[in-house]
Amino acid sequence: MAEQTRVAIVRATGRHRSLLIATCAALALAAIADEATGYDGPGPFVYLAVAVVVALVRGRYTPLVATAMSAFFLFGGFASSQFRSTLTHPSAVFDFAAGWVQVLSFVAAAVFSVASGLRATR
């Protein structure tokens, strides 16, 4: 008899699986955008670690870790005058685009993870 997998993303079905995959993809895109700007903080590693947790750990509310992390980093980013300046002054087009990709990826990850939590079977 085959052992049943305990990995969340494999065990999920239908829209729930799609939402988990979309959450992980949005976090990976945020990590790529963060690295593209040359910022040397730990952010991209944290984003990818949270994506791994969402993909592997079973639990109805586990994806909400991505929501909390996204909110935390968005708040921190908007609290920084340098980051706000990057988003509002497109003098460096690459940094401007990467900043907006990162912000939109966090928003998408938060929305997908909340939808995934609502969609999970009880």
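Everything discussed here concerns the structure shown above.
Residues numbered from 1 in each chain as written. Predicted model: local features only at pLDDT ≥ 70, side-chain atom pairs only at ≥ 80, totals over all residues. Heavy atoms only, no water.

Asks: Looking at this model, I keep getting lost on helix 6 (residues 93–119). Mind explaining?
Replies: For an α-helix the count is 3.6 residues per turn, leaving residues at separations of three or four pointing the same way. Along its 27 residues, helix 6 runs 38 Å from first to last C-alpha, staying within 8% of the 39 Å computed at 1.5 Å per residue. Residues of helix 6 that are buried: Ala98, Gly99, Gln102, Val103, Ser105, Phe106, Ala109, Ala110, Ser113, Ser116 and Gly117. As for helix 6, its buried residues are in contact with helix 2 (14–36), helix 3 (43–56), helix 4 (64–79) and helix 5 (81–88). (Helix = DSSP H or I, 4+ residues; strand = E, 2+ residues; numbered from the N terminus. Expected span 1.5 Å × (residues − 1). Buried < 20%, exposed > 50% of the residue type's maximum accessible area, 1.4 Å probe, protein only. Contact = heavy atoms within 4.5 Å.)

Asks: So what exactly am I meant to see when it comes to the layout of surface pockets here?
Replies: Picture a little ball the size of a water molecule; that probe, rolled over the atoms, points out where space is still empty. Each pocket or cavity is described by its volume, and for the largest pocket that value is around 540 Å³. Breaking the lining of the largest pocket down by element, the ones donating at least two residues are helix 3, helix 4, helix 5 and helix 6. The biggest single contributor to the lining of the largest pocket is helix 6, with five residues. For the lining of the largest pocket, the per-class residue count stands at eight nonpolar, eight polar and two charged. (1 Å grid on protein atoms, 1.4 Å probe; cavity = no way out; pocket = protein on both sides within 12 Å on 5 of 7 lines; lining within 4 Å. Points joined across faces, edges and corners; volume = space filled by probe spheres on them. Nonpolar A, V, L, I, M, F, W, Y, C, P; charged D, E, K, R; others polar.)

Asks: For this particular structure, what's the right way to read the packing of helix 2 against helix 6?
Replies: Axes are the key here: two packed helices are described by the angle between their axes and the distance separating the axes. Running from amino to carboxyl end, helix 2 crosses helix 6 at an angle of 160°, the nearest separation of the two axes being 8 Å. Compared by their axis directions, helix 2 and helix 6 come out roughly antiparallel. As for how helix 2 packs across helix 6, the hand of that crossing is left-handed. Looking at the contact of helix 2 with helix 6, its residues break down into 17 nonpolar, six polar and three charged. (Axes fitted to C-alpha atoms, helices over the stretch in contact; angles between N-to-C directions. Parallel < 35°, antiparallel > 145°, perpendicular 65-115°, else oblique. Left-handed = near helix turned anticlockwise from the far one by under 90°.)

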